[in-house]
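Commentary on secondary and tertiary structure
The residues making up each chain are set out below.
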Amino acid sequence: MTRHPPSQGLDARLVVEHGSFRLDVALSAAPGDVVALLGPNGAGKTTALRALAGLAPLTDGHLRLDGADLARTPPESRPVGVVFQDYLLFPHLTALDNVAFGPRCRGAGRSEARARAAAWLERMGLAEHVGAKPKRLSGGQAQRVALARALATDPRLLLLDEPLAALDARTRLEVRAQLRRHLADFEAVAVLVTHDPLDAMVLADRLVVVERGRVVQEGAPADIARHPRTDYIAQLVGLNLYRGRADGHTVRLDAGPKVSTTEDLSGPAFVAFPPGAVTLYRDRPTGSSARNLWRCEVAGLESHGDQIRVELTGELPLAADLTAVAVAELGLHPGAPVWAAVKATQTHAYPA
Amino acid sequence: MTSTAQDTRRKARRPRAPGRGVPPALLAPALIGLAFLLVPLLALVVRAPWRDLPEQLTSPAVWDALRLSLVCATTATALSLVVGVPLAWLLARTDFPGRSLVRALVTLPLVLPPVVGGVALLLALGRNGIVGRWLDEWFGVTLPFTTAGVVLAETFVALPFLVISVEGTLRAADPRFEEAAATLGASRFTAFRRVTLPLIAPGVAAGAVLAWARALGEFGATITFAGNFPGRTQTMPLAVYLALQNDPAAAIALSLVLLAVSVAVLAGLRDRWTRAV
């Protein structure tokens, strides 16, 4: 797929090297897009964000925003707003002066900057907190002040570094919903960095998955959730994922065994199925309709929501979700031998 | 069950658990050190000529010296702030070749005997000094043996204290606040002025107090570079030293005044001091 560099929006290839680490990711987005950079810790997501903001110099590549070349532009001259992971609100300034800081630096007079800041804070539902210093604000309030501060300079590119990571679970739910609304209203490009697949899927229109400094997969959240291409993504979306070679309705896995599928494919392919689709038997089942049957051994058990996740090794390493009752009836314990079965209709194969 | 657990925790947090007293091997030298610091000050108070004190302290020479000391020390501190805070920023926030060498040179006056500093100042800024010659020729400015010379001598010894103190505070301050300011459109100078400086203000204040105290007590560089002219360059320490040779009672009186001023300053700035240092 070739993508023509859009004259509007973001078009970048970010190459940053430090030490033995090399980041090389291509990113493009149209105005109004919300793109999530998703990846494990140390994948280079934050480095990519810093490169977009001008805080980390590009070793190579290019960076264009609305047609303007920004690669050599210092951070203070870029039309970019950043919401930092721990917000970095200036502790000696009130919420109002924090938000007014950007407009002031971009040339607005004191009263004009304050009026704009007050309008932004009002929009964030923080009208009664304008005079509060950051340490008097709750986590959710501080997050909204940080967002208002980043938006008050009318950026053409909004960057959010783990915007929900500093919040506790309860606040997170509420702030995520608010943030989604504000991002939907934002008419320029927004790029957010997160290691949380839920945040990424709720907030973004498009995911770019980064591992070890490279883009391993990108696309719509639903598409990525259905067709993971790396173990990391499969784990995030909770699927068993295998790579193999398809021949008709059978995929011979690189791991050894064959899997029957409903799709008709040929050549390199992925097979995925959810842990809930796995049935376990103490003895080899007879007359079972499932043609996918493997001899395994229980490696570990842990509770997973209201289910119990059973990690299996053996012919095929996989995860299975069972009810507590089923686990008790089967008498499962680490080391117990079991037969694992998956119906062909529950698997999903797609070209690699 | 829970309350028992809490009780145990509360007990464990008590400052003095049984058998955890101060070991004599630490206590004895600590007390000797404390006595060593306090006994001389006590002697000063005990031996003070309390009866003659009012007479001693009303002599205009004392007040001239005290006024000169305060004015010069304060001016030297102000000068140190103006050049020292930017110098500290340069050392803490930028990377240039030879930075560690510059840093070492900045701290040199800390260990240099002040008299040597005075000699060096004479060679640099004296009438025949490598810079002073041009100051004299072009602007008719002569610095040695003037009040301005006192200020320069004090700045020379006080500045490193301020730079080291402020640099330490800057290194401890989160540089990402400056990055946040940059993404909001602030130049490095604006970020420094509006974000960094307010954040490090307590450290700057502590550094200024250190520098002021050092300047107030300056003796060696001052007497070498600025001489000992009453009313013009004779600061309190110089007056004390001179008085000790022909009027010990006056020396003690002057010392008491310096002690009182120092205690007053320390008490006045104690809150700032303990917070930042």
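Since the model is a prediction, treat every value here as computed from it, not as a measurement. (Residues numbered from 1 in each chain as written. Chains lettered and ligands numbered in written order. Predicted model: local features only at pLDDT ≥ 70, side-chain atom pairs only at ≥ 80, totals over all residues. Heavy atoms only, no water.)

Considering the interface of chain A and chain B
On the chain B side, the residues contacting the 22 residues of chain A number 17 residues. Across the chain A to chain B interface the summed buried area is about 1700 Å²; carbon plus sulfur atoms make up 67%. Viewed at the interface, chain B and chain A are joined by two salt bridges. Seen at the junction of chain A and chain B, the total is five residue pairs in polar contact (both at pLDDT 80 or more). (Contact = heavy atoms within 4.5 Å. Buried area = accessible area lost by both parts, 1.4 Å probe. Salt bridge = Lys/Arg side-chain N within 4 Å of Asp/Glu carboxyl O. Polar contact = N/O pair within 3.5 Å; in protein donor to acceptor, adjacent residues only side chain to side chain.)

Quick look at the environment of G125 of chain A
Residue and element names in this part refer to chain A. Among the structural elements, G125 can be located in the loop between α3 (110-123) and α4 (139-151). A relative accessible area of 45% means that G125 is categorised as partly exposed. Remark: the alpha-carbon pair of G125 and F101, spanning 24 residues in sequence, is separated by 19 Å. (Helix = DSSP H or I, 4+ residues; strand = E, 2+ residues; numbered from the N terminus. Buried < 20%, exposed > 50% of the residue type's maximum accessible area, 1.4 Å probe, protein only.)

Observations concerning unusual backbone geometry
One non-glycine residue, Y87 of chain A, lies in the positive phi region at around 70°. Along the chain, Y87 of chain A turns up in the loop between β6 (80-83) and α2 (95-105). One non-glycine residue, F145 of chain B, lies in the positive phi region at around 60°. With respect to the helices and strands, F145 of chain B occurs in the loop between α7 (132-139) and α8 (147-172). For F145 of chain B, a relative accessible area of 36% corresponds to the partly exposed category.

Comments concerning the UniProt feature "transmembrane region" (unreviewed entry) in chain B
This chain's UniProt record puts "transmembrane region" (unreviewed entry) on residues 21-46, 66-92, 104-125, 145-166, 195-213 and 249-269 of chain B. Summarising residues 145-166 of chain B: 91% helix, 0% strand, and an end-to-end C-alpha distance of 31 Å. (UniProt positions renumbered as here; feature names shortened; annotations may be inferred.)

Thoughts on the packing of α8 of chain B against helix α10 (residues 188-216) of chain B
Residue and element names in this part refer to chain B. At their nearest, the axes of α8 and α10 sit 8 Å apart, and the two run at 150° to each other. Taken together, the axes of α8 and α10 are roughly antiparallel relative to one another. α10 is crossed by α8, and the crossing has right-handed handedness. The segment α8 lies against α10, with E154, V157, A158, F161, L162, S165, V166, T169 and L170 engaging T196, I200, G203, V204, A206, G207, A208, L210, A211, R214 and A215. Here the contact of α8 with α10 is built from residues that sort into 13 nonpolar, five polar and two charged. (Axes fitted to C-alpha atoms, helices over the stretch in contact; angles between N-to-C directions. Parallel < 35°, antiparallel > 145°, perpendicular 65-115°, else oblique. Left-handed = near helix turned anticlockwise from the far one by under 90°. Nonpolar A, V, L, I, M, F, W, Y, C, P; charged D, E, K, R; others polar.)

Some words on the packing of aromatic side chains
For the structure shown, the criterion picks out ten aromatic pairs over all chains. For the pair F145 of chain B and F229 of chain B, a centre-to-centre distance of 6.3 Å together with 80° between the ring planes defines the contact as edge-to-face. Note that F145 of chain B is positioned in the loop between α7 and α8 and F229 of chain B in the loop between α11 (220-225) and α12 (236-246), a separation of 84 residues in sequence. Using a relative accessible area of 35% as the deciding quantity, one classes F229 of chain B as partly exposed. Taken together, F90 and F101 of chain A together with F177 of chain B form an aromatic cluster joined through their ring pairs. A cation sits over an aromatic face here: R149 of chain A above F90 of chain A, 4.6 Å from the ring centre. (Phe/Tyr/Trp six-rings, centres within 6.5 Å; stacked < 30°, edge-to-face > 60°. Lys NZ or Arg CZ within 6 Å of the ring centre and 35° of its normal.)

Structural notes on the pairing of strand β1 (residues 10-18) of chain A
Residue and element names in this part refer to chain A. Pairing geometry for β1 and strand β4 (residues 60-65), over six bridges, is antiparallel. Pairing of A12 across the sheet is with L63, part of β4. Here β1 pairs with strand β2 (residues 21-29) via nine bridges, running antiparallel. Each bridged residue has a counterpart across the sheet, and for E17 the counterpart in β2 is R22. Hairpin connection of β1 to β2: two residues between the antiparallel strands, including G19 at a positive phi of 65°. (Pairing = 2+ DSSP bridges.)

Observations concerning the packing of α12 of chain B against helix α13 (residues 248-268) of chain B
Residues and elements named next belong to chain B. For the pair α12 and α13, the least separation of the axes is 6 Å and the interaxial angle reads 155°. Judged by the angle between their axes, α12 and α13 are roughly antiparallel. As α12 runs across α13, the sense of the crossing is left-handed. Between α12 and α13, the residues in contact are M236, P237, A239, V240, A243, L244 and N246 and P248, A250, A251, L254, S255, V257 and L258, respectively.

A few points about helix α1 (residues 45-53) of chain A
Structural remark: α-helix, 3.6 residues per turn; residues separated by three or four positions point the same way. Buried residues dominate α1 of chain A, accounting for seven of its nine residues. Remark: G54 of chain A follows α1 of chain A within two positions and exhibits a positive phi of approximately 90°.

Describing the nonpolar core
Residues and elements named next belong to chain A. Judged by nonpolar contacts, the single largest core of 46 residues is most densely connected at V99, L121, V145, L147, L158, L160 and L183. Counting residues per element, this core draws most heavily on α4, at seven residues. Filtering out sequence-adjacent residues up to four positions away, V99 remains in contact with A117, W120, L121, V145, A148, R149 and A152. Grouped together as the second largest cluster of nonpolar side chains are 43 residues, A51, L52, V80 and L88 included. (Core = buried A, V, L, I, M, F, W, Y, C linked by side-chain atoms within 4.5 Å.)

Re the sheet that holds strand β17 (residues 337-342) of chain A
All names here are of chain A. Here five strands make up an open sheet; going across it, the order is β13-β17-β14-β15-β16 and the pairing antiparallel. Strands with a single pairing partner mark the edges of an open sheet, and in this sheet they are β13 (279-281) and β16 (318-322). Within the sheet, the average angular offset between the axes of one strand and its neighbour, ignoring direction, is 45°. Where strand β14 (residues 292-304) and strand β15 (residues 307-314) come together, eight bridges link them in antiparallel fashion. What sits directly across from S303, in β15, is I308.

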